[in-house]
Amino acid sequence: MAKFDIIAATGCPTGIAHTFMAKEALEKAAAERGLTIKVETHGQVGVENELTKSEIAGAKAVVVAADKDVQAERFAGKPMVSVGVSKALSVEAAGKLIDRALAAKGDDTVAAAADVEDEVEEKESIGHVIYKHLMNGVSHMLVFVVAGGVLTAVSFLWGITSFDSTAADYNSFAAMLKIIGGIAMNLMVPVLSAYIAESIGKRPALVPGFVAGMIAIQGLPVNADTGMIDAGGAGVGFGFLGGIVGGFLAGYVILLLEKVFAGLPKNLDGLKAIFLYPLFSTAIVGLVMLGISGPMAAINTAMMDFLKGLSASGAVVLGLAIGCMCAFDMGGPVNKAAYVTGTAMLTEALAAGVGTETYNFGTNFMAAVSAACIVPPLITTFAVVVGKKYFSQEDHDAGVVNLILGCTHITEGAIPFMTKNIWPVMPIMMLGSSIASILTIMFNVHDPAPHGGFLVLPVVENGPLWVLAILIGAVVGGILFVAFKKYDFEKNQKAAPAAKPVEAPKAAAVEAPKAEAADFVKVENVFVAEDFASRDEALSFVSNQAVKAGIAGDADAVMNAFLAREAEGTTGMMEGFAIPHAKSDAITEAAVIVVKDESGVTGWDTMDGAPVNVAIALLIPGAQAGTTHLKILSKVAEALMDQDFRATVKGSTDAAEIAKTINARLV
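Let's shift gears to the packing of helix 11 (residues 293-312) against helix 14 (residues 357-386). Relative orientation of the contacting elements helix 11 and helix 14 amounts to 80°, with a least axis distance of 12 Å. One way to sum up the angle between helix 11 and helix 14 is to call them roughly perpendicular. Across the interface between the two elements, L307, K308 and S311 of helix 11 pack against T358, F361 and F365 of helix 14. Split into classes, the residues belonging to the contact of helix 11 with helix 14 amount to three nonpolar, two polar and one charged.

Core analysis: the largest hydrophobic core is formed by 56 residues, its most contacted members being I322, F365 and V369. Setting aside residues no more than four positions away along its own chain, V369 makes contact with I322, C326, A338, Y339 and G342. Residues A88, L89, A94 and L666 belong to the second largest nonpolar core, which totals 48 residues.

Before going further, it helps to spend a moment on the side chain of K38. Within the secondary structure layout, K38 lies in strand 2 (residues 37-43). Judged by its relative accessible area of 11%, K38 is buried. Among the polar contacts listed, one links the side chain of K38 to the backbone oxygen of E50, at a separation of 3.0 Å. Apart from residues lying up to four places away in sequence, K38 is in contact with F4, I6, I7, A8, N49, E50, L51 and E55.

Relative to the helices and strands, H581 is located in strand 8 (residues 581-584). Here H581 falls in the buried class, since its relative accessible area comes to 4%. Of the polar contacts made by the side chain of H581, one reaches the side chain of R565; its length is 3.0 Å. Of note is the side chain of H581, whose polar atom sits 2.6 Å from the backbone oxygen of I579.

Quick notes on the rules
Residues numbered from 1 in each chain as written. Predicted model: local features only at pLDDT ≥ 70, side-chain atom pairs only at ≥ 80, totals over all residues. Heavy atoms only, no water. Axes fitted to C-alpha atoms, helices over the stretch in contact; angles between N-to-C directions. Helix = DSSP H or I, 4+ residues; strand = E, 2+ residues; numbered from the N terminus. Parallel < 35°, antiparallel > 145°, perpendicular 65-115°, else oblique. Contact = heavy atoms within 4.5 Å. Nonpolar A, V, L, I, M, F, W, Y, C, P; charged D, E, K, R; others polar. Core = buried A, V, L, I, M, F, W, Y, C linked by side-chain atoms within 4.5 Å. Buried < 20%, exposed > 50% of the residue type's maximum accessible area, 1.4 Å probe, protein only. Polar contact = N/O pair within 3.5 Å; in protein donor to acceptor, adjacent residues only side chain to side chain.

This is the structure:
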């Protein structure tokens, strides 16, 4: 197994150019110092060049240059420097990071030498760290909720009391489904607690985490006759809020114990894992959880009373709150808060039994949450079908797929539409979801299943009215979305320079079929023998060629888009390459234009200070920004990391060969 002097992990939020630029810079900086290095990238396609345990163990130092989670805990105990990816984009900067990492060996004060900016970023990320731990618990919990809730709901198909052997509609198979579903649902809080703890304290935290979760659902047992703590008595549970508190408590108790027992001999590590950690953590966490059971139960009761109070204020108030929360970030923390609250109330409802006030409120609340989660994807489906001319083909295809996602309670399909125009698309989604929630409550719909969308319709009470509520919310939201896109489309049409018609080439008189991925870069859009005095002259040339080729309608608008992107940060890469990109409504179709200048374009800010010999220019219609744009840019950025690719494109004077080489990497 090969050993490396330096190991590194890079990653940016979108996982595109910067991830691989940092990798290249670190590799060059290490080579300059005569060091071997392996860089793991967390890019758009996932983790590549993954580091093994033996490689981590054998490395002298670690460099983490990332703006996302790269599981840095793997490197615990190694000399390490951790910064944002933007601090490793040049060979010089990467070299300094390597030097800092090597200097950190055996010197605990090196961490204090980090930039103040880095320290601020770490403080700001505390909220994200807490959210990450919470979501680890929620993601493990939800599968238990879905399986248990749906099985319980299915048992009702034989009758609403078919699990009860004394009831007229009793069915033994239904009773068994109810038992299995109930067990799965009862595991919800312990699993939530355990995996929050596991995210913080790793495997040793699972034991106190599960115990904390169990205490959260049963509370502090008290003997009804003596009023004293009694293992045989009954307690008042404090639900999923208690599970969350218990999970964080268990995780951080394990971290505390690791410090307390750090001085023990190394040969006692096995004893710590199998005896000391579980014994002391369970005792500490258990005692604290039992001690706070009273206040936590009161908080849990107050929260439930608050939600019921909203219901008492009317369907509009409660439905508006549910709808806005579910559609605010569609799968994010606010959405998850609403959904987890719904599943918690559903759990209490199913435990209370059919016909009780708790059952009626919990299942009605769950129906409203489900309706609010289903609506946003359906809004996009309605909009792309009714207002097809106002959407790109890619958006249209995504909207059609959202019909399936929406019907199965998967809200996230609507996120790409919202991210392009947060205002007014987010309020539109929130309004549509709120209408569906309000109507669901007014129609007295009851949903005993926590997930599944329209697949669980057979067990939904007043199911047809539920579907009607969802459709009304989707149609209202869809009409507003189409109206916005129509306004935006017409505004862009007016802004286009109608007084400057572009004479298209004769060959373009008959509309050509859309290029497949294999010939995305056309030979006629590759210019191999140009001579530019400056960056702006090169970009102006590309802008004018785009108009001549029928790719765009206004060269000035394209040029302005190029310059706006350069103002945000240079697109000059390394070794003579640049990837300028323009996103504009003046561009009618996504395309790539390549220009070569053997003498080099000076004045283009590049990572290594070298002049640009090859510019691979991306031209993206405004409606496709963030979709086609990111995909093509990602492919080009990845290709530029390939030495053979760079050598072929830079060394060739054959336009057909260059087009073929680039097209091969865009497939």
